[in-house]
Amino acid sequence: MIEIRPATIHDAELIADISRETFYETYVAYNTKADMDKFMSEQFSKEKLIAQVGVEGNLFLLAYENEALAGYVFLRDERHPQIPEENAVEICRFYARSSFIGRGVGKAMMQAAVAHALAANKTFIWLIVWQQNERALQFYTSFGFEIFAEQDFILGDDVQRDWGMRLKISS
C-alpha cells in the first residue's frame, strides 16, 4: 500500500538525503565523477536541500510503501515564462528510490501532485526533464505531459539540454 503525505520541516534532512541518493544513482553512469562531485557539493548540497523545506510556496509530498520512504515530489508555485497562464505549479523534483520503481509509487505521486494542483485551482503543471532520460520522458508522456520548451542544465561543468514539459489540468 502506498501512502502519500505532506512533509514537515522535521522531514527536511530525510528529503535532502533521498534527493542526493536518487539523483546520484540516476545520473552517475552518464556523467564524469568530477562533474557529479561538483554538482553534488555546489548545487545539490545537503544544506541547500534542507533549506528548501518549509519555505512558503514549496510543498513536499512523501511517498511511503509499507512505512518505507519510497520517494517524493517537490511542488512549488512557479510560472514558466513560456506558459501564458499565471496559475501554474512546477514539479521541481520527482524522485523515487530505485528499489521502488515499477511498483506504482510514481503513479501515486503524480496523482497526488495533480490533485494538489487541481485543489489549488492551477491550470498547468510543468517540469524540466533531461532530454536523455527516456524512462522519465515515457512516464511523463503517459500522464499527458507535452514538450513545450528547451533549456540548458549545468551539471558540474557540463552543459546538458533539458525539455520543459507541461500538462494542462483545467480549462
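Rules and cut-offs
Residues numbered from 1 in each chain as written. Predicted model: local features only at pLDDT ≥ 70, side-chain atom pairs only at ≥ 80, totals over all residues. Heavy atoms only, no water. Helix = DSSP H or I, 4+ residues; strand = E, 2+ residues; numbered from the N terminus. Rg over C-alpha atoms; globule rule 2.2 N^0.38 Å. Buried < 20%, exposed > 50% of the residue type's maximum accessible area, 1.4 Å probe, protein only. Areas by Shrake-Rupley, 256 points an atom, 1.4 Å probe, with all protein chains shown as cover. Lys, Arg positive; Asp, Glu negative; His and termini not counted. Charge placed at Lys NZ, Arg CZ, Asp CG, Glu CD. pLDDT = per-residue confidence, 0-100. Pairing = 2+ DSSP bridges. Right-handed = clockwise from strand over helix to strand, strands pointing away. Axes fitted to C-alpha atoms, helices over the stretch in contact; angles between N-to-C directions. Contact = heavy atoms within 4.5 Å. Phe/Tyr/Trp six-rings, centres within 6.5 Å; stacked < 30°, edge-to-face > 60°.

## What about the overall build of the protein?
Thinking step 1. When helices and strands are tallied, the protein shows five helices and seven strands.
Thinking step 2. Ordered by position in the sequence, the α and β elements of the protein form the string β-α-α-α-β-β-β-α-β-α-β-β.
Thinking step 3. At 15 Å, the protein has a C-alpha radius of gyration in line with the 16 Å of a compact globule built from 171 residues.
Thinking step 4. Projected onto its principal axes, the C-alpha positions of the protein cover 45 × 35 × 30 Å.
Thinking step 5. In the protein, which comprises 171 residues, the share counted as buried stands at 43%.
Thinking step 6. Counting every atom, the protein has about 9,000 Å² of accessible surface; 49% of that belongs to carbon and sulfur.
Thinking step 7. One way to put it: in the protein the 17 positive side-chain charges average out to a point 2 Å from where the 25 negative ones average out.

## Some words on the confidence of the model for the protein
Thinking step 1. Considering every residue of the protein, the mean pLDDT works out to 93; 99% of them sit at 70 or more.
Thinking step 2. The spread of mean pLDDT over the elements of the protein runs between helix α3 (residues 46-52), the lowest at 93, and strand β1 (residues 2-6), the highest at 97.

## Description of the pairing of strand β4 (residues 88-96)
Regular strands have side chains that alternate between both faces of the sheet.
Thinking step 1. The buried count for β4 comes to seven of nine residues, which makes it a mostly enclosed element.
Thinking step 2. Taken together, the seven bridges between strand β3 (residues 68-77) and β4 define a ladder with antiparallel strand orientation. Within β4, the position partnered with D77 by the bridge is V89.
Thinking step 3. One ladder, built from four bridges, connects β4 with strand β5 (residues 124-130); its direction is parallel. From the neighbouring strand, V89 faces β5, where its bridge partner is I125.
Thinking step 4. Note on the crossover from β4 through helix α4 (residues 105-119) to β5: the handedness is right-handed.

## A look at the sheet that holds β4
Within a sheet, each strand pairs with its neighbour through backbone hydrogen bonds, oriented either parallel or antiparallel.
Thinking step 1. Reading across the sheet, the seven strands line up as β1-β2-β3-β4-β5-β7-β6 and stay open at both edges, with mixed pairing between neighbours. Across the chains shown, the open sheet's two edge strands, defined by having one partner strand only, are β1 and β6 (146-155). Adjacent strand axes in the sheet meet at a mean angle of 25 degrees when their direction is disregarded.
Thinking step 2. Lying over the sheet, helix α1 (residues 12-27) contacts β2 (58-65), β3, β4, β5 and β6, oriented at roughly 95 degrees with respect to β3.
Thinking step 3. Across the sheet, helix α5 (residues 134-142) lies against β4, β5 and β7 (158-168), angled at about 165 degrees from β5, the strand it touches most.

## A closer look at the packing of aromatic side chains
The description of an aromatic ring pair rests on the distance of the ring centres and on the angle between the ring planes.
Thinking step 1. Counted under the stated rule, the structure contains 15 aromatic pairs.
Thinking step 2. Relative to Y27, the ring of F23 has its centre 4.7 Å away and its plane inclined at 45 degrees; by these criteria the two rings are tilted. In this pair, F23 and Y27 both sit in helix α1, four residues apart, roughly one turn of the helix.
Thinking step 3. Note on F23: relative accessible area 5%, which makes it buried.
Thinking step 4. Looking at Y27, the relative accessible area reads 14%, which means it is buried.

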